[in-house]
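# Residue-level structure breakdown
What follows is the residue order along each chain.
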Amino acid sequence: MHKLTITIFTVLCCTSIYANNPHYEQLAAYAQTGIFHETSDQAVSYSEYAAMADNITWLVIMSRRLEKFIPDTLEREEFLRTVYYEATRAGLDPQLVLSVIQVESGFKKYAVSHAGARGYMQVMPFWVDLIGHQDHNLFHLRINLRYGCTILRHYLDQEKGDYFRALGRYNGSLGEAAYPQLVFDKWLSTWRYNASSPNG
């Protein structure tokens with residue numbers, strides 16, 4: 001049996017993620033082009049953010065909402081620029097990604113779950129073997145968000161835009177309502193954004 005097939009089979013058995021080997025091979029091929037080679041913990045710059053965003057309104061409004069989770073202004077703005085960039089790059093709503101992060105890690109950079117998932121978006125280490133590079137540190141801000149957004153985008157595509165099922169796959173709880181509902185609640189209550197409103 002091919003080494004990659006063995007690795008994927010082991011991952012599926014150990015993590016109870018509902019996908020078959022071809023799906024993982026397709027994700028690996030797709031994501032190899034999307035996961036960058038940098039290993040630094042560098043945040044997205046203002047110029048990179050500006051290339052994606054029309055103005056700084058989103059940054060200002062979300063910074064206010066995030067203050068209770070990340071009190072340091074510089075850290076908070078670097079985090080938000082990176083979330084916006086990586087989410088938009090993956091074709092995801094940045095507010096959805098903020099909601100996932102709040103539910104997954106409570107905005108704790110070095111969070112580790114009982115299953116070993118790491119960082120803001122609680123990425124499992126096996127993803128490094130499947131779609132990344134051995135020098136990737138899943139606690140690094142941009143690497144963690146790049147992985148998380150790439151994986152969530154894949155599941156959303158796989159489920160043809162069904163957020164409920166995509167979020168279930170992301171969390172490894174496909175078919176159960178608790179996790180998607182938590183994310184939806186945060187998305188609608190805490191992180192909803194209306195560009196035409198002065199308060200977002």
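Throughout what follows, the structure given in this document is the object of discussion. (Residues numbered from 1 in each chain as written. Predicted model: local features only at pLDDT ≥ 70, side-chain atom pairs only at ≥ 80, totals over all residues. Heavy atoms only, no water.)

### Concerning the packing of helix H6 (residues 94-105) against helix H10 (residues 178-189)
Two numbers describe how H6 lies on H10: the axes approach to 8 Å, and their chain directions differ by 125°. As far as their axial angle goes, H10 and H6 are oblique. Of the two elements, H6 crosses H10, and the hand of that crossing is right-handed. For the pair H6 and H10, contact is made by Gln95, Leu96, Ser99, Val100, Gln102, Val103 and Glu104 and by Tyr179, Leu182, Val183, Lys186 and Trp187, respectively. A per-class count over the contact of H6 with H10 returns seven nonpolar, three polar and two charged. (Axes fitted to C-alpha atoms, helices over the stretch in contact; angles between N-to-C directions. Helix = DSSP H or I, 4+ residues; strand = E, 2+ residues; numbered from the N terminus. Parallel < 35°, antiparallel > 145°, perpendicular 65-115°, else oblique. Left-handed = near helix turned anticlockwise from the far one by under 90°. Contact = heavy atoms within 4.5 Å. Nonpolar A, V, L, I, M, F, W, Y, C, P; charged D, E, K, R; others polar.)

### Focus: the nonpolar core
Formed by 52 residues in total, the largest nonpolar core has its most connected members in Phe79, Leu98, Val100, Ile101, Met121, Trp127 and Tyr170. Top contributing element to this core by residue count: helix H8 (residues 141-158), with nine residues. (Core = buried A, V, L, I, M, F, W, Y, C linked by side-chain atoms within 4.5 Å. Buried < 20%, exposed > 50% of the residue type's maximum accessible area, 1.4 Å probe, protein only.)

### Structural notes on the side chain of Glu86
By the secondary structure assignment, Glu86 is in helix H5 (residues 73-89). When neighbours within four sequence positions are excluded, Glu86 is seen to be in contact with Arg142, Leu145, Arg146 and Cys149.

### Looking at the packing of aromatic side chains
One pass over the full model with this rule turns up 10 aromatic pairs. Ring centres 5.1 Å apart and planes at 65° place the aromatic pair Tyr49 and Tyr84 in the edge-to-face group. Highlighted residues: Tyr49 in helix H3 (residues 46-52) and Tyr84 in helix H5, separated in sequence by 35 residues. The buried category is assigned to Tyr49, whose relative accessible area is 2%. Relative accessible area serves as the criterion here: at 15%, Tyr84 is assigned to the buried category. Following the ring pairs from residue to residue traces out a cluster consisting of Phe69, Phe79, Phe107, Tyr120 and Trp191. When the ring centre of Tyr46 is taken as origin, the NZ or CZ atom of Arg81, which lies over that ring, is 4.0 Å away. (Phe/Tyr/Trp six-rings, centres within 6.5 Å; stacked < 30°, edge-to-face > 60°. Lys NZ or Arg CZ within 6 Å of the ring centre and 35° of its normal.)

### Regarding the packing of helix H4 (residues 57-66) against H5
Between H4 and H5, whose axes approach to 10 Å, the crossing angle comes to 125°. What the angle tells us is that H4 and H5 run oblique. The interaxial crossing formed by H4 with H5 has right-handed handedness. Residues Trp58, Leu59, Met62, Ser63 and Leu66 of H4 pack against Arg76, Glu77, Phe79, Leu80, Arg81 and Tyr84 of H5. The residue makeup of the contact of H4 with H5, split by class, is seven nonpolar, one polar and three charged.

### A look at helix H9 (residues 163-171)
Regarding H9, the residues found buried are Ala166, Leu167, Gly168, Arg169 and Tyr170. Buried residues along H9 sit against H6, H8 and H10. Capping the start of H9 is the job of one residue whose side-chain oxygen sits 3.0 Å from the backbone nitrogen of Phe164: Asp162. Positive phi appears at Gly172, one or two residues downstream of H9, with a value of about 75°. (Polar contact = N/O pair within 3.5 Å; in protein donor to acceptor, adjacent residues only side chain to side chain.)

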